[in-house]
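For reference, the chains in residue letters:
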Amino acid sequence: MEVLVTIELPDDLLAKIRRQHNVTTPSGNLPMPAEELRSLIKGKHGLLCTITDRVDKGLLKEADSLLVVANYGVGYDNIDVEECTKKGILVTNTPDVLTDATADLTMALILAVARRVVEGDARVREGRFHAWTPFGFLGTDVCGKTVGIIGLGRIGKALAKRAQSFSMTVLYYKRNRISREEEAHLNIKYTEFIDLLRQSDFVSLHVPLTKETYHMIGASELAAMKREAFLINTSRGAVVEEEALVRALKQGIIAGAGLDVYEHEPDVHPELLNMKNTVLLPHLGSATKETRRKMAERAVTNLLAALSNERPRDCLNCDRVKKGNS
Ligand code: DGY
């Protein structure tokens with residue numbers, strides 16, 4: 001069959017697909033430009049793509065032979081899953097393998113904003129570290145504080161564990177509350193959305209981007225937070241109304257933000273760039289050698305399973321795609 005791969009894959013994994021199928025790979029710049037993707041999708045049975053590729057109605061119109069979209073990434077807001085389902089196209093993602101890396105990075109952002117790690121590093125590099133002083137460069141304690149986790153999926157739970165090892169109290173909000181037994185086991189407390197915003201010293205976002213979560217954090221939610229609190233986002237940029245965040249940071253409505261994702265990624269609101277109370281990362285949540293390798297393995301395994309007419313492990317719509325296609 002014909003397969004289009006839009007990303008760089010480790011040689012051995014690309015060879016694994018090539019042993020069974022004809023593979024087209026990007027001709028140049030990455031991420032693959034939308035026009036290139038559109039021009040190559042015709043006649044392809046499998047697409048291995050990533051979170052920067054938009055698999056929308058327009059692209060799917062051109063996809064006359066597509067059987068599977070294997071996304072390299074756990075988030076799949078780049079894919080119109082409903083439209084794929086209507087067209088009988090399976091969609092897969094790469095859950096689990098990036099949970100720890102993303103939770104680690106979230107903890108790193110919490111520590112970095114609270115302890116001014118990035119500002120401190122810049123101070124030393126600029127040759128402006130002149131002396132230790134009792135009241136210089138004071139940050140905020142993390143230990144003993146409260147983290148409010150919005151969205152308690154795999155990554156949210158992994159963050160809860162890490163936060164507890166820093167002696168933090170963990171609150172969570174989730175549309176469907178987990179069982180009391182699991183709450184007790186995880187030692188976390190369900191808190192209504194607005195109360196979580198009011199009570200947390202760090203609010204960390206772990207929801208997928210959907211119609212419901214788009215701009216979930218805007219001016220009024222930021223105003224509900226404590227003035228000393230920090231907002232941490234390693235989920236998707238558009239969960240936060242970036243313009244409102246910038247205003248809140250400028251006006252001291254919240255103390256700071258640790259961001260790995262942006263509303264108009266890869267563009268970052270220019271005013272964020274000049275703020276000392278933000279730590280800004282280029283979407284690094286899953287960016288470790290080990291994790292990215294596992295994501296690639298998982299995406300390739302899902303792709304090959306679907307093309308062999310087997311049920312892929314991480315299928316998002318297998319139960320809804322009409323039998324005969326899967
Ligand atoms: C994902 O997988 O959704 C991440 O955002 C990329 O690591």
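Since the structure is predicted, the reported quantities are computational estimates derived from the model, not experimental observations.

With that out of the way, let us pick up the overall build of the chain. A count of helical and extended segments in the chain gives 13 helices and twelve strands. For 326 residues, the compact-globule formula gives about 20 Å, and the C-alpha radius of gyration of the chain, at 22 Å, lands near that figure. Here the chain, with 326 residues, has 50% of them falling under the buried criterion. Intrachain contacts of the chain at a sequence separation of at least 6 include 60% that bridge at least 24 residues. Accessible area for the chain stands at about 16,300 Å²; split by element, carbon and sulfur atoms hold 50% of it. In the chain, which carries 44 positive and 43 negative side-chain charges, the distance between the mean positions of the two groups comes to 3 Å.

This structure, assessed with the given rule, holds one disulfide. Take cysteine 49: it sits in no disulfide, and the sulfur closest to it among the cysteines is that of cysteine 84, at 8.9 Å.

This part covers the pattern of salt bridges. This structure, assessed with the given rule, holds 22 salt bridges. Here arginine 154 and aspartate 96 are joined by a salt bridge, their closest N and O atoms 2.9 Å apart. Placement of the pair is arginine 154 in helix H7 (residues 154–165) and aspartate 96 in the loop between strand E5 (90–92) and helix H5 (99–115), with a sequence separation of 58 residues. Aspartate 104 is paired through a salt bridge with arginine 162; the nearest N and O atoms lie 2.6 Å apart. Placement of the pair is aspartate 104 in helix H5 and arginine 162 in helix H7, with a sequence separation of 58 residues. Under the relative-accessibility criterion, aspartate 104 is labelled partly exposed at 42%. You can call arginine 162 buried: its relative accessible area is 17%. Each of Asp96, Arg154, Arg298 and Asp314 takes part in one network of salt bridges that share partners.

Two pairing modes exist for strands in a sheet, parallel and antiparallel, and in both the strands are linked by backbone hydrogen bonds. Strands sit in the order E8-E7-E6-E9-E10-E11-E12 across an open sheet of seven strands; the sheet is parallel. Looking at which strands have only one partner, the edges of the open sheet turn out to be strand E8 (189–190) and strand E12 (278–280). Two elements, strand E11 (residues 256–259) and E12, share three bridges in a ladder whose sense is parallel. Within E12, the residue paired with leucine 259 across the bridge is leucine 280. Its contacts with the sheet put H5 on strand E6 (146–150), strand E9 (202–205), strand E10 (230–233), E11 and E12, and the angle it makes with E10 is roughly 150°. Here H7 sits on the sheet in contact with E6, strand E7 (169–173) and E9, set at roughly 175° to E6.

Definitions and limits used
- Residues numbered from 1 in each chain as written.
- Predicted model: local features only at pLDDT ≥ 70, side-chain atom pairs only at ≥ 80, totals over all residues.
- Heavy atoms only, no water.
- Helix = DSSP H or I, 4+ residues; strand = E, 2+ residues; numbered from the N terminus.
- Rg over C-alpha atoms; globule rule 2.2 N^0.38 Å.
- Buried < 20%, exposed > 50% of the residue type's maximum accessible area, 1.4 Å probe, protein only.
- Contact = heavy atoms within 4.5 Å.
- Areas by Shrake-Rupley, 256 points an atom, 1.4 Å probe, with all protein chains shown as cover.
- Lys, Arg positive; Asp, Glu negative; His and termini not counted.
- Charge placed at Lys NZ, Arg CZ, Asp CG, Glu CD.
- Disulfide = S-S within 2.5 Å.
- Salt bridge = Lys/Arg side-chain N within 4 Å of Asp/Glu carboxyl O.
- Pairing = 2+ DSSP bridges.
- Axes fitted to C-alpha atoms, helices over the stretch in contact; angles between N-to-C directions.

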